[in-house]
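What follows is each chain in one-letter form.
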Amino acid sequence: MKRDVRVAILTMEGTNNEEEAYQSFRHSDSSPEIVHLKKFENRTRRLDSYDVLFFPGGFSAGDYVRAGAVMAARIRAKIKRDLENFVEDGRPVMGSCNGFQVLVELGLIPDTGKSYAVEAALAPNASNRFEARTVYLNVRRGNCLFLDGFSDGEIIKLPIAHSEGRFVPRDSDVLRRIVKEGLNVLTYVSGSGKEEGYPWNPNGSEHNIAGICNRRGNVLGVMPHPERIFSRFTETDWTRERRGYDIGNRFFESAVRFIREKY
Amino acid sequence: MADKDHSVVVEISGKGPEELLRISREMQLGLSVEEMRRAASFFEMEHRDPTDVEMQAIAQAWSEHCSYKSSKLHLKKYIFGIARSKALAEGDAGLVSLDDDLAVAFKIESHNHPSAIEPYGGAATGVGGILRDILSMGAQPVAVTDSLYFGTKKIKGFPSPKFIENGVISGIRDYGNRVGIPTVSGGICYSEFFSPNVLVNVGCVGIVKKNEIRSSAVSEPGIKLIIAGGKTGRDGIHGVNMASAVMESGNENITTVQLGSPIVKEPLIHAVLEANRKGLVYALKDLGGGGLSSVVGEMLNAGGMGGKVYLDRVPLKEVNMLPWEIWVSESQERMLLAVRNSEVNKVLEIMEEWDIPAAVIGESEPGGRLRIYFGNRKVLDLPTEFMTTPELYDRRSSIKEKKVVQWLPKYPADFGKVLLSLLSDPNVRTKEFAVRQYDHTVRGSTVIGPFSGIVGREGPTDSSVLKADWDKEVGVAITSGSNPFYSAIDPYLGGRAAVDETVRNLISVGAEPLGFSDCLNAGNPEKPEIMGEFIEMLRGLHDSASILDIPFVSGNVSFYNEAGKRRIPTFPTILGVGRVKDIRNSVTPDFKEPGSSIYLIGVPTTDLGGSLYFRRLKLPGGRIPYSDPRILKRRGWNLLKSIDSGLVNSVHDISDGGIAVALSEMTLGSNVGASLDISSLGLRTDFALFSEPQSCWLVDVKPGLDGKFSDVMGEDSIFLGKTGGSEIIITRGEENVLKASNASIIRRWKRGYT
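Participant: Quick question: what am I supposed to make of the overall build of chain B here?
Facilitator: Along its length, chain B carries 25 helices and 30 strands. Relative to the compact-globule value of 27 Å for 754 residues, chain B shows a C-alpha radius of gyration of 26 Å, a close match. Across the 754 residues in chain B, those meeting the buried criterion constitute 67%. Once local pairs closer than 6 in sequence are excluded, the contacts in chain B between residues at least 24 apart make up 84%. For chain B, the accessible area works out to roughly 25,000 Å², and carbon and sulfur atoms hold 50% of it. Each charge class in chain B was averaged separately, 85 positive and 93 negative side chains, and the resulting centres sit 3 Å apart.

Participant: Explain the pairing of strand S24 (residues 597–601) of chain B here, please?
Facilitator: Each regular strand shows side chains that alternate between the opposite faces of the sheet. All names here are of chain B. Most of S24 is tucked away, with five of its five residues classed as buried. On S24, burial covers both faces: Ser597, Tyr599 and Ile601 on one face and Ile598 and Leu600 on the other are all buried. Across five bridges, S24 lies against strand S27 (residues 697–701) in antiparallel orientation. Note that in S27 the partner of Leu600 across the bridge is Leu698.

Participant: Before we go on, may I ask you to explain the interface of chain A and chain B in this structure?
Facilitator: How big an interface is tends to be expressed through the accessible area that disappears when the partners come together. Contacts between the two partners involve 41 residues from chain A, matched on the other side by 47 residues from chain B. In total, about 3,600 Å² of surface goes out of reach between chain A and chain B, with carbon and sulfur atoms giving 52% of it. At the junction of chain A and chain B, the tally comes to five salt bridges. Between B:Asp471 and A:Arg26 there is a salt bridge, with its nearest N and O atoms 2.8 Å apart. Inspection of the region where chain A meets chain B yields 18 residue pairs in polar contact (both at pLDDT 80 or more).

Participant: I tried to follow the environment of B:Ala434 on my own but got confused; where do I start?
Facilitator: All names here are of chain B. As for its placement among the helices and strands, Ala434 is situated in helix H16 (residues 432–435). Looking at Ala434, the relative accessible area reads 0%, which means it is buried. C-alpha separation for the pair Ala434 and Ser170, spaced 264 residues apart in sequence, amounts to 8.6 Å. Ignoring sequence-local partners within four residues, the contact set of Ala434 consists of Ile169 and Ile188.

Participant: Hey, could you run me through the side chain of B:Glu458 in this one?
Facilitator: Counting through the fold element by element, B:Glu458 comes out in the loop between strand S15 (451–452) and strand S16 (459–460). If we ignore the near neighbours within four places in the chain, the residues touching B:Glu458 are A:Thr236, B:Arg436, B:Phe451, B:Ser452, B:Gly453, B:Gly669 and B:Trp749.

Participant: Teacher, can you tell me more about the domain arrangement of chain B here?
Facilitator: Residue and element names in this part refer to chain B. According to the domain assignment, chain B consists of domain 1 (82–388) and domain 2 (415–749). Every contact between the two is made by 68 residues of domain 1 and, on the other side, 65 residues of domain 2. Summed over the shared surface of domain 1 and domain 2, the number is four salt bridges. Two residues, Arg566 and Glu192, come together in a salt bridge whose shortest N-O distance is 3.8 Å. Here domain 1 and domain 2 share 26 residue pairs in polar contact (both at pLDDT 80 or more) between them. Elements with a contribution of two residues or more to the side of domain 1 that touches domain 2: strand S1 (87–90), strand S2 (94–97), strand S3 (102–110), helix H6 (112–117), strand S4 (140–150), helix H8 (161–179), strand S5 (183–190) and strand S6 (199–209). Among the elements that take part in the side of domain 1 that touches domain 2, S4 stands out by supplying nine residues, more than any other. Classifying every residue of the side of domain 1 that touches domain 2 by side-chain character gives 37 nonpolar, 19 polar and 12 charged.

Participant: Would you mind showing me how to read the sheet that holds S6(B) here?
Facilitator: To summarise the sheet geometry, strands pair through backbone hydrogen bonds and adopt either a parallel or an antiparallel arrangement. Residues and elements named next belong to chain B. Strands sit in the order S1-S2-S3-S6-S4-S5 across an open sheet of six strands; the sheet is mixed. Of all the strands in the sheet, the pair left with one neighbour each is S1 and S5. In this sheet, neighbouring strand axes are inclined to one another by 20° on average, regardless of whether the strands run parallel or antiparallel.

Participant: Got a minute to help me understand the pattern of salt bridges in this structure?
Facilitator: Pairs can form between side chains of opposite charge whenever their charged atoms are close. For the structure on display, the rule yields 81 salt bridges over all chains. A salt bridge links A:Glu154 to A:Arg250, with the nearest nitrogen and oxygen atoms 3.2 Å apart. Linking A:Glu154 in the loop between strand S6 (131–139) and strand S7 (155–162) with A:Arg250 in helix H7 (residues 249–262), this pair joins segments that are 96 residues apart in sequence. Like A:Glu154, the residue A:Arg250 is buried in the burial classification. Between B:Asp381 and B:Lys378 there is a salt bridge; the shortest N-O distance is 2.8 Å. By relative accessible area, B:Asp381 is classed as buried at 10%. Using a relative accessible area of 24% as the deciding quantity, one classes B:Lys378 as partly exposed.

Participant: In this structure, what is going on with the pairing of strand S26 (residues 674–677) of chain B? I would like to understand it.
Facilitator: Residues and elements named next belong to chain B. Taking every second residue as pointing to the same face, the buried face of S26 carries Ala674 and Leu676, while none of Ser675 and Asp677 on the other face is buried. The pairing of S26 with strand S28 (residues 717–723) spans three bridges and is antiparallel. Note on S28: the bridge partner recorded for Ala674 is Thr723. Pairing analysis gives four bridges linking S26 to strand S29 (residues 727–732), with the strands arranged parallel. Across the sheet, residue Ala674 finds its bridge partner in S29, namely Ile728.

Parameters and conventions
- Sequence order sets the numbering: in each chain, residues are counted from 1 along the sequence as written.
- Here chains are named by letter from A upward and ligands by number from 1 upward, in the order in which they appear as written.
- Under the rules for a predicted model, residues below a pLDDT of 70 receive no local features and side-chain atom pairs below 80 are neither given nor counted, while totals for whole chains, interfaces and linings still include all residues.
- Where side-chain values are given, they derive from all heavy atoms of the structure, hydrogens and water being excluded.
- Secondary structure elements are defined from DSSP: runs of H or I of at least 4 residues count as helices, runs of E of at least 2 residues count as strands, and each element is numbered from the N terminus.
- Note on method: radius of gyration uses C-alpha positions; expected globular size equals 2.2 Å times residues raised to 0.38.
- Here's how the labels work: a residue is buried when its accessible area is under 20% of the maximum for its type, exposed when over 50%, partly exposed in between, all with a 1.4 Å probe on protein chains only.
- By definition, residues are in contact when any of their heavy atoms lie within 4.5 Å.
- Under the convention used here, a 1.4 Å probe and the Shrake-Rupley method define accessible areas, while residue burial counts only the protein chains that appear.
- Positive charges are assigned to Lys and Arg, negative charges to Asp and Glu, while His and the chain termini are left out of the count.
- Where a charge sits is defined by one atom per residue type, namely NZ (Lys), CZ (Arg), CG (Asp) or CD (Glu).
- Strand pairing is assigned whenever DSSP detects at least two bridges linking the two strands.
- By buried area we mean the combined loss of accessible area, with a 1.4 Å probe, across both parts when two parts are placed together.
- The term salt bridge refers to a pairing of a side-chain nitrogen on Lys or Arg with a carboxyl oxygen on Asp or Glu at a separation within 4 Å.
- By the criterion applied in these results, polar contacts are pairs of N or O atoms within 3.5 Å in which, for protein atoms, one can donate a hydrogen and the other can accept it, and in which residues neighboring in sequence qualify only through two side-chain atoms.
- Those domain boundaries reflect an automatic or database domain assignment.
- Only Asp, Glu, Lys and Arg are considered charged in this grouping, and only Ala, Val, Leu, Ile, Met, Phe, Trp, Tyr, Cys and Pro are considered nonpolar; every other residue, Gly among them, is considered polar.
- Orientation is described by lines fitted to C-alpha atoms, with helices fitted over the stretch in contact, and by angles between N-to-C directions that extend from 0 to 180 degrees.

Set out below in structure tokens:
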């Protein structure tokens, strides 16, 4: 019998991408559960009973302070140790959009200094407005377990929808280490695969960074929304291209496969 | 029975008309002398004077906004009877059947007055309000639409058009994005008509399993009433009364506009749907205009019940609120759930799980009388029927005979130049600066969004399509139709044209039209000419929809869109929904490949009144294009058959700017040009290219399937040319008419957006 892979999709007030995340994991042959942060805080659920942790997008706590800041503060206050154990155990953790912002606020990525210090921020878009569009991304998989289903240099397409997505490292050392260690696994490119400016890079991110993985390869944060493309009929240009696969699922299938193989 | 500290007695018995009007004004009731008299004679029969809570309750319920007192007689006559059997249910929103187990709940309504006073908050709470209407049916909201009408001229005493526009767009963005429902459709229209009366018509579409549809009527005694969601505050008091009067100075009372909080709304949606899914909810209604007063009254009255409510049990934002303020507050994010006693604790537990304040505030009782208590003192004691039912008005109407001028403009010297100028007109060119600020992919069910085509150079679509169920291929198509320019010239034909556009847009993506919701915008109904236009518009909607056999299942009326001498045209925004049997067969406007054949479905017209071409030439009046619903039905449903059978690559309807603009828009998302010969169309070349005939489409047919396509479409299809190349070339036999490169087309269409 196939091993059941349990996925916790973590929410709080204002998280609003949990439904598509749930559907994505369901389509990727795993057993997702939408879990309110409260349940980890009051111990009615335990993090270590799950195999994969996903931070969906949205506007946790309204993002009225700074994107992801309130959710990260709540996590740090109550379940910091559990989460660090989960990560150090090597289990897959992924966040998209607001989830990426939370992971950065928690210091889980890029974590070039190994101490979970906050080394970067996702600042307001350079255009100074919310941007909803489709972007092209260049994949450099490194050892990122979520990117196992892709090849290096592959160009993929995903939707973005955010107003705070400009990746800004704390200092040039952090940026240097990110590049040196190849943690910038997803970068914005143009339709022809070149690194170009706006709107191909929709938010003005440093080095066109769209996604960052930790060195161990088990924590991935991305600004785009792979969880919204669990069906290829939700791509913006699907009426022009009839391909046979659903691009978003490759992220999640990789994680599920990883668990089945390793645990 | 009233307490001097909390609730006062209003002495109205035996008062003369001037006194009554003064009381109405001082209490901001917005009631006329006749209405005050009606109230007074009721209380004379009761041998007492009313409390302030009672007068406020009556004023809410009898406001134009809540009661439709000026429009109801006409709506009954022209709208409510159409295709009744196709409407599954009606309440806060309407429902049509999508398949055996799913129904679509949808509604469009105005948030015009609040948006004119406070653009950001007004538009945001407009989105919040329409979401609750869908939720009230037990449906999961899946899409938001917004049709916006902005002025172009600064009017003294009112905010600038740019300020209003930025505020409205930001309000929709911040609320819609935060609540996590995609904003997929709508439109932006610019005209001097809307200075200073901005119109914000917001729509929402939801999906519900047929066995989970909730009613909003309580027809048994002992049913508990639970208020859930945001706490009640002083915001939004007298909102409905404000929306039932003309604006005077631009200094309207800003406290009449509610404050929204999407971060409360988002879990509220989850919690209410969870309680409903578990079968714990008896009836459901949202708190919007008129607050508790309207909702409790209507819920009980609909089931012939009375009841009691304890106002001091309502969770409050601020202390020291007076009973009447609690009773009529329009604070946002609140729902009223009617629940059987045995399920009350389960419902409260669900609310607790989602951290949502909730409280039992009363229950239904037999007898049809509503009693309200505040600290054990009775502050209201009224029959629900009297409270919720105002006198309906058959207001005077008159129709102004207008002479129709048929213009014959100077023959253009350069058609390419005309085309490019039409493409960069504010009403045609890209609205990406606004639409790309709305999340249109959240929830992962958007199959066709506001744009389609090659990434980075997408063009506009005619309708959006959303997956209706995670495990099925059935989809729901959503669009809106309106043309204030046509309606300003001829409200009757304008109404018909709005129906035509809505149906056209749905057909364009391969959707069978199922139902309409109408948001009717007008000026002061107490003026006979406006009432006359209103009735003409309804006649137009009626004549088209009844022949098409498509029901209007929900809607709203917004009167009093006037300020000083300025008023808007009387016109509808129609929200239309359709069924896409299999989303994988839906189509978009962008050309798909070179070498395929382009057909026109329909023929151009000589009626160019209200057209973009005439507007650019500043030619007022004229005859507006005529929509014949029989022709629409024949062409439309045949085209649907062609799409279903996989004969076509791309479809785009003809609207603003005619064939020339439609053709250009098909090159936007594809970068595939076209060569057309229009000699078969007859007419003057500018009329052929720029007229806006109704019930017309441009279709690009898959290579090799021309014969089959022509068999289905019959005489309604005219072959015009082929796709291909990097420009559009239009000829008339040997004569070169127009040439424009794909690059110049997209550049002009994107003008102003960087």
